[in-house]
Amino acid sequence: MATIEDIAEFLDKAPGGGILLTTVDAVMNWSRGKSLWTFPMGTACCAMEFIAASFSRFDFDRHGTIPRPDPRHCDVMVVAGTITHKMAPAVKRIYEQMPEPKWVVAMGNCAVSGGIFYYDTYSVVRGVDEFLPVDVYIAGCPPRPEALQDAILQLRKKIASESISPRRRRPVASELPQPSDPRKGDLEEQPLARSKATAGGPDV
Amino acid sequence: MRIEELRERVCAMYPDLCPLFSIEFGDGSIAVPLERVHSAAADLKDMGFDRLGMVTAVDRGDEFEIVYRLQSRDLRAAMFLKAAVPKNDPVVPSMCDLWPAAEWQEREVFDLFGIVFDGHPDLRRILLPEDWSGHPLRKDYADDRIVRRPDYI
């Protein structure tokens, strides 16, 4: 049975197939980027800002960004809050229950780096990217809902650069700096993690 | 009940411990020897302190200190009951027979300080994972994952 990768590879080589592939990519990325259902992995005070963003003042529905309590319905996991070493296996398990393609937003300083719990703490994971492939980082303690909206727009840009053909991916043009931490090593070596520059699709 | 009245009633009950009565945060506080902590708690419960608000412990460096906070609606008073616990043999009588609410609180103290409660019905970790080693609120706790805060921050 031909997988979507085989079809993409065939179209890539066939004359005129690239045009068709580009159109398919555009439609898929448009529809994926505009219905980003989020899993609210809220464990601390950042979840309050995330809840505020969902309601009418900031109104995430107009982005097509709807929080769903079921990981099997979701495209984006928003990790909003402190993740402890005891909580980390549960977060990873929920992430694994989400269907591909899926993305992760690390919301707030605790999810980015451990935040105020970085030093002298025995229980807090120093950044959710220790065990999840994070796509967008939002700094702040907690970040404003506007920052979360900006993260969704940045994530949409990242999605727009994806292709069903692995050869046709483009580097992301994002204003957000890509954090680099020498402690964490090469993300390619971890089975769960995807390359940050190319932000994987269903085949990675 | 005013604090002076509380002091008088405690001093009438324990004349030898009267110098150890002090006022902390506006409430009475009495430090007793460890072997008398359970009987003192029972006496204070009979006096009217029928609610155990909190159990916690402090690492004083050379010894632990176990702290009970007792509250009473009838007396309109609250007080601390403290006892020093030696570090080499940190065993404290459990208060579960007096206040059932002590069960989870004492499990937390056991989890984070490693103080053993004699007579506790189910003494095991409550907050940390079961395979955790060590008791992290002890001052001498060490862990490979802890990043020490540098001096310049």
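For the structure itself, consult the block above.
The notes below deal with the structure included here. (Residues numbered from 1 in each chain as written. Chains lettered and ligands numbered in written order. Predicted model: local features only at pLDDT ≥ 70, side-chain atom pairs only at ≥ 80, totals over all residues. Heavy atoms only, no water.)

**Considering the overall build of chain A**
If you tally the helices and strands in chain A, you get 6 helices and 4 strands. Each helix (α) and strand (β) of chain A, taken in turn from the N terminus, gives the series α-α-β-α-β-α-β-α-β-α. Of all 204 residues assigned to chain A, the portion counted as buried reaches 46%. At a minimum sequence separation of 6, the contacts of chain A that also span at least 24 residues come to 76%. Summed over all atoms, the accessible surface of chain A reaches about 10200 Å², with 60% contributed by carbon and sulfur. (Helix = DSSP H or I, 4+ residues; strand = E, 2+ residues; numbered from the N terminus. Buried < 20%, exposed > 50% of the residue type's maximum accessible area, 1.4 Å probe, protein only. Contact = heavy atoms within 4.5 Å. Areas by Shrake-Rupley, 256 points an atom, 1.4 Å probe, with all protein chains shown as cover.)

**Let's talk about the sheet that holds strand β2 (residues 76-80) of chain A**
Consider a sheet: its strands pair through backbone hydrogen bonds, and that pairing is either parallel or antiparallel. All names here are of chain A. Read across the open sheet, the 4 strands follow the order β1-β2-β3-β4; overall the sheet is parallel. The sheet terminates laterally at β1 (38-42) and β4 (136-138), the two strands that pair on one side only. The mean inter-strand angle of the sheet, taken between neighbouring strand axes irrespective of direction, is 15°. Where β1 and β2 come together, 5 bridges link them in parallel fashion. Within the sheet, the bridge partner assigned to methionine 41 lies in β2 and is valine 79. (Pairing = 2+ DSSP bridges. Axes fitted to C-alpha atoms, helices over the stretch in contact; angles between N-to-C directions.)

**Looking at the sheet that holds strand β1 (residues 21-24) of chain B**
Residues and elements named next belong to chain B. Taken in spatial order, the 5 strands make up an open sheet running β1-β2-β5-β4-β3, and their pairing is mixed. A strand with exactly one partner marks an edge of an open sheet, and here the two such strands are β1 and β3 (51-59). Geometrically, the sheet is characterised by an average inter-axis angle of 25° between neighbouring strands, direction not taken into account. Bridge count between β1 and strand β2 (residues 27-32): 4 bridges; the pairing is antiparallel. Bridging across to β2, glutamate 24 finds its partner in aspartate 27.

**Describing the interface of chain A and chain B**
Contact residues are listed per partner, giving 8 residues for chain A and 17 residues for chain B. Applying the counting criterion to the chain A and chain B interface returns 1 salt bridge. Between Asp120(A) and Arg148(B) there is a salt bridge, and its shortest N-O distance comes to 3.3 Å. Here chain A and chain B share 5 residue pairs in polar contact (both at pLDDT 80 or more) between them. Split into classes, the residues belonging to the side of chain A that touches chain B amount to 3 nonpolar, 2 polar and 3 charged. (Salt bridge = Lys/Arg side-chain N within 4 Å of Asp/Glu carboxyl O. Polar contact = N/O pair within 3.5 Å; in protein donor to acceptor, adjacent residues only side chain to side chain. Nonpolar A, V, L, I, M, F, W, Y, C, P; charged D, E, K, R; others polar.)

**A closer look at the packing of aromatic side chains**
Here the structure, examined in full by the defined rule, presents 5 aromatic pairs over all chains. Measuring from ring centre to ring centre gives 5.0 Å for Tyr118(A) and Tyr119(A), while their planes differ by 80°; the resulting arrangement is edge-to-face. Considering the side-chain rings of Tyr122(A) and Tyr141(B), the 6.3 Å spacing of their centres and the 75° angle between planes classify their relative orientation as edge-to-face. A residue pair is termed interchain when its members come from two chains, as with Tyr122(A) in the loop between α5 (109-113) and β4 and Tyr141(B) in the segment after β7 (116-118). Of the two residues examined, Tyr122(A) and Tyr141(B), each falls in the buried class. For Lys102(A), the ring lying beneath its charged end belongs to Tyr95(A), and the centroid distance is 4.3 Å. Here Lys87(B) stacks its cationic end above the ring of Phe64(B), 5.1 Å away from the centre of that ring. (Phe/Tyr/Trp six-rings, centres within 6.5 Å; stacked < 30°, edge-to-face > 60°. Lys NZ or Arg CZ within 6 Å of the ring centre and 35° of its normal.)

**Considering the packing of helix α2 (residues 17-33) of chain A against helix α6 (residues 145-160) of chain A**
When two helices pack together, you describe them by how their axes are tilted relative to each other and by the distance separating the axes. All names here are of chain A. Where α2 meets α6, the closest approach of the two axes is 9 Å, and the angle between their N-to-C directions is 160°. On the basis of the axis angle, α2 is roughly antiparallel to α6. Judged by the sense of rotation from one axis to the other, the crossing of α2 with α6 is right-handed. In this structure, α2 uses Asn29, Arg32 and Gly33 to contact α6, whose residues at the interface are Arg156, Ile159 and Ala160. The residue inventory of the contact of α2 with α6, partitioned by class, reads 2 nonpolar, 2 polar and 2 charged. (Parallel < 35°, antiparallel > 145°, perpendicular 65-115°, else oblique. Left-handed = near helix turned anticlockwise from the far one by under 90°.)

**Focus: the environment of His38(B)**
Residue and element names in this part refer to chain B. With respect to the helices and strands, histidine 38 occurs in helix α2 (residues 37-47). Between the C-alpha atom of histidine 38 and that of valine 92, which follows or precedes it by 54 residues, the distance is 8.8 Å. Contacts of histidine 38, omitting those with residues within four sequence positions, involve Pro93, Ser94, Met95, Asp97 and Leu98.

**Some remarks on the pairing of strand β3 (residues 103-107) of chain A**
Residue and element names in this part refer to chain A. Burial within β3 is extensive, with 5 of its 5 residues counted as buried. Of the two faces of β3, both are covered, the one formed by Trp103, Val105 and Met107 as well as the one formed by Val104 and Ala106. Relative to β3, β2 is paired through 5 bridges, and the arrangement is parallel. Its bridge partner being in β3, methionine 77 is matched across the sheet by valine 104. In the classification by handedness, the crossover that spans β2, the intervening helix α4 (residues 88-97) and the parallel β3 is right-handed. For β3 and β4, the ladder comprises 3 bridges, and the chain directions are parallel. Paired with valine 105 across the strands is valine 136, a residue of β4. (Right-handed = clockwise from strand over helix to strand, strands pointing away.)

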